Amino acid sequence: MPAMVGFINLVSMGSASVFTVGDVFYISPISYNTTYAGSGSFNTGDGLQIANYENQTNIDSTSQFDMPVVGNM
């Protein structure tokens, strides 16, 4: 279904990003990664006050492949 789109402000895109405007039939990821982060890692905003004194991120990933993308192309 066609759509009228106004101004678009694209600040940045990563190497595996997908940018679409309008109808899309097929989108396929070509890369993947795993991110480990402790408490308070992705906080954003004005005037944040964060106190994480003893922080540790425990990782117990026994799988060899978390999310394979084989066959998605």
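Predicted, not measured: the structure shown is a model, and the values here were computed from it.

**Considering the overall build of the chain**
Here's step 1: The number of helices and strands found in the chain is 0 helices and 0 strands.
Here's step 2: Relative to its 73 residues, the chain shows a buried fraction of 3%.
Here's step 3: Taking all contacts inside the chain whose residues are at least 6 apart in sequence as the whole, residues at least 24 apart take part in 38%.
Here's step 4: For the chain, the accessible surface area stands at approximately 7,300 Å², while carbon and sulfur atoms represent 53% of it.

**Topic: the environment of G38**
Here's step 1: Overall, the relative accessible area of 21% leaves G38 in the partly exposed class.
Here's step 2: With 19 residues separating them in the primary sequence, G38 and T57 have C-alpha atoms 5.2 Å apart.
Here's step 3: Here G38 is in contact with N55 and T57, once residues within four sequence places are set aside.

Reading the values: rules and limits
- Residues numbered from 1 in each chain as written.
- Predicted model: local features only at pLDDT ≥ 70, side-chain atom pairs only at ≥ 80, totals over all residues.
- Heavy atoms only, no water.
- Helix = DSSP H or I, 4+ residues; strand = E, 2+ residues; numbered from the N terminus.
- Buried < 20%, exposed > 50% of the residue type's maximum accessible area, 1.4 Å probe, protein only.
- Contact = heavy atoms within 4.5 Å.
- Areas by Shrake-Rupley, 256 points an atom, 1.4 Å probe, with all protein chains shown as cover.

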